[in-house]
Amino acid sequence: MNYIVLSLLVLSPIKSVISGNIFEAVKDQNLPLKQNDATVNNFTQVTRKLGYETTVFEITTEDGYISKMFRMHNPNCTEIKKKPIMLIHGLLESADAYLDLGPGAGLGYLTSDACYDVWFPNIRGNYYARAHKTLNPDTDREFWRFYGQEMAVYDIPAFIDFVLDKTGQKQLNLVTFSLSGGLFFMTTSDKPEYNDKVSLYIPLAPATRLKHSKSTLLRLLATGGSILDTLKPVTRLGEEILYRGSGVQSLMELLCSLPNVLKGPQTVCSGFIGLLDSFHPGSISAETDSRVYFHFPAGTSLKTLSWLGQLIEKKTYQKFDYGAKKNMELYQCETAPHYDVSKMTVPTVTFHGKHDHLVDSRDMKWLLRQMPNVLEYVVVDDPLWNHLDMVHGSDAPKLVYAKIMDYLKKYE
Ligand SMILES: *[C@@H]1O[C@H](CO)[C@@H](O)[C@H](O)[C@H]1NC(C)=O
Ligand SMILES: *[C@@H]1O[C@H](CO)[C@@H](O)[C@H](O)[C@H]1NC(C)=O
């Protein structure tokens with residue numbers, strides 16, 4: 001199985017030749033590449049076309065990174081509720097993830113339809129967040145020398161402060177998915193004052209300690225240097241990886257948009273998910289799949305993947321390990337410091353699936369044991385519920401979002 005992944009990744013450099021030709025061939029046969037409609041493809045276009053009022057803001061972090069944040073309102077609401085809601089996407093995703101299930105189902109739509117003031121930030125490195133005050137992401141390698149730490153101490157605080165400042169509110173309600181679920185624990189571990197700015201925290205399958213992760217792809221990263229060397233050729237600048245337009249994304253976009261009669265490519269499409277997560281046959285609709293792969297993976301730094309590999313290898317939730325000498329300089333200690341998840345004191349409702357191979361139940365329980373303020377730990381009522389089902393599963397509105405909406409109402 002590992003070879004499939006590697007060959008997918010290695011296809012990248014010759015992408016312009018290979019996938020370019022595949023796309024041409026497909027167009028010739030008139031197969032429906034509906035997602036290739038370049039006129040309606042980004043967050044603002046999709047939501048505005050459906051009649052929502054979407055505003056774009058540019059956020060600049062303390063360390064100079066610039067990203068787009070969207071604010072969405074349903075114009076049919078006579079009054080928009082005061083307390084803002086922020087939905088933060090997961091690794092290799094963007095704000096678009098909360099729209100992938102489509103109107104009436106995606107959490108971005110449901111919350112807007114319930115007349116909330118909904119904000120969608122983008123974490124550094126994805127296609128809505130590839131900008132900087134002084135660094136050029138296309139030419140400066142320095143731009144890409146970040147991992148979860150910078151996302152947690154610069155991006156998340158900048159997002160929260162911006163929204164509170166703009167709305168004049170003292171607190172917001174926060175929903176996160178996967179990596180960003182872990183990020184808020186890292187934010188509060190280093191900057192505990194951010195606990196006071198969130199009234200309710202709803203992490204969906206938060207990725208913190210990954211000791212027991214069963215994800216084939218993540219496990220592959222944990223093999224350390226060798227895999228990272230293998231990945232180098234498929235990066236831009238040796239740093240940016242799995243970006244939109246990369247061979248992997250283009251190939252997945254193509255395979256996942258082919259009609260069902262072409263069973264082979266469809267199997268590769270669900271197989272990719274199976275390698276990252278677990279198999280949950282039939283959970284994600286073909287329509288959602290084609291939306292997802294139009295923008296997933298959305299790009300990140302190789303350093304982020306390298307850090308995730310370290311988390312698996314070292315079995316702890318800790319900062320980047322640079323080796324004893326540099327650790328000493330940076331951390332005044334030969335080993336990398338751990339994040340203290342017990343400092344996250346916001347009332348929390350967390351959701352997890354029994355069949356999540358990325359975030360294992362044992363790691364979830366490790367986290368819960370240390371959290372001082374758990375309102376509810378919800379194990380989703382479907383034995384095959386996996387990680388990505390939280391944002392892409394057809395049953396997410398029924399099995400997950402209905403409860404989220406109840407809690408948001410209590411804390412509005
Ligand atoms: C969406 O695409 C349009 C057309 O290319 C562009 O003008 C707009 O800035 C894009 N919006 C975002 C948020 O990137
Ligand atoms: C607003 O209401 C109209 C009439 O019911 C409906 O057609 C439209 O889709 C609604 N807009 C949104 C963004 O929900």
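As recorded by an unreviewed UniProt entry, the protein carries the name Lipase and is attributed to Plutella xylostella. Turning to the protein, the UniProt record has this under Sequence similarities (unreviewed entry): "Belongs to the AB hydrolase superfamily. Lipase family."

Let's shift gears to the overall build of the protein. From N to C terminus, the protein includes 16 helices and 11 strands. Considering only residue pairs separated by 6 or more positions, the protein has 76% of its internal contacts joining residues 24 or more positions apart. Of the roughly 16300 Å² of accessible surface on the protein, 53% is carried by carbon and sulfur atoms.

Our focus in this paragraph is the UniProt feature "active site" (unreviewed entry) in the protein. When the UniProt feature table is mapped to this numbering, "active site" (unreviewed entry) covers Ser178, Asp356 and His387. Look at the named residues: they lie 210 residues apart in sequence, but the longest C-alpha span between them is just 10.8 Å, so in the fold they bunch up. Its relative accessible area of 8% is what places Ser178 among the buried residues. Those residues in contact with Ser178 that lie beyond four places of it in its chain are Gly90, Leu204, Ala205, Pro206, Ala207 and His387. Along the chain, His387 falls in the loop between β11 (374–379) and α15 (389–392). Those residues in contact with His387 that lie beyond four places of it in its chain are Phe177, Ser178, Ala205, Asp277, Asp356, Leu358 and Val359.

This brings us to the nonpolar core. If you look at the biggest cluster of nonpolar residues, it comprises 111 residues, and the most contacted ones within it are Phe184 and Trp307. At eight residues, the largest contribution of residues to this core is made by helix α5 (residues 148–167). In contact with Trp307, other than residues within four places in its own chain, are Tyr147, Gly148, Leu179, Met186, Tyr317, Gln318, Lys319, Phe320 and Tyr339.

So, about the site of ligand 1. For ligand 1, the full set of nearby residues is Asn42, Thr44, Gln45, Lys68, Phe70 and Tyr128. In this structure, an oxygen atom belonging to ligand 1 sits 2.3 Å away from a side-chain N or O atom of Asn42. With respect to ligand 1, the side chain of Gln45 contributes an N or O atom lying 3.4 Å from an oxygen atom. Residue assignment for the shell around ligand 1 shows that the elements contributing at least two residues are α3 (43–49) and β2 (65–73). In terms of residue class, the shell around ligand 1 is built from two nonpolar, three polar and one charged.

Turning our eyes to something else, we now look at the site of ligand 2. Looking at ligand 2, the residues that line it are Leu50, Gly51, Tyr52, Asn74 and Asn76. At 3.1 Å, a side-chain N or O of Asn74 approaches an oxygen atom of ligand 2. For ligand 2, an oxygen atom lies 2.2 Å from a polar atom in the side chain of Asn76. Relative to its free-state accessible area of 360 Å², ligand 2 is covered by the protein chains to the extent of 41%. Of the residues belonging to the shell around ligand 2, the class tally is two nonpolar, three polar and no charged.

Bringing the environment of Ser189 into the picture now. Along the chain, Ser189 falls in helix α6 (residues 179–190). Of the residues examined, Ser189 reaches a relative accessible area of 8% and is grouped as buried. Each C-alpha atom, one on Ser189 and one on Ser342, is 7.9 Å from the other, the two residues being 153 residues apart in sequence. Those residues within four positions of Ser189 in sequence are excluded, and the remaining contacts are Tyr339, Asp340 and Lys343. Here the side chain of Ser189 touches Asp340 through a polar contact of 3.0 Å, landing on its backbone nitrogen.

Thresholds, definitions, all that
- Residues numbered from 1 in each chain as written.
- Chains lettered and ligands numbered in written order.
- Predicted model: local features only at pLDDT ≥ 70, side-chain atom pairs only at ≥ 80, totals over all residues.
- Heavy atoms only, no water.
- UniProt positions renumbered as here; feature names shortened; annotations may be inferred.
- Helix = DSSP H or I, 4+ residues; strand = E, 2+ residues; numbered from the N terminus.
- Contact = heavy atoms within 4.5 Å.
- Areas by Shrake-Rupley, 256 points an atom, 1.4 Å probe, with all protein chains shown as cover.
- Buried < 20%, exposed > 50% of the residue type's maximum accessible area, 1.4 Å probe, protein only.
- Core = buried A, V, L, I, M, F, W, Y, C linked by side-chain atoms within 4.5 Å.
- Near = heavy atom within 4 Å.
- Polar contact = N/O pair within 3.5 Å; in protein donor to acceptor, adjacent residues only side chain to side chain.
- Nonpolar A, V, L, I, M, F, W, Y, C, P; charged D, E, K, R; others polar.

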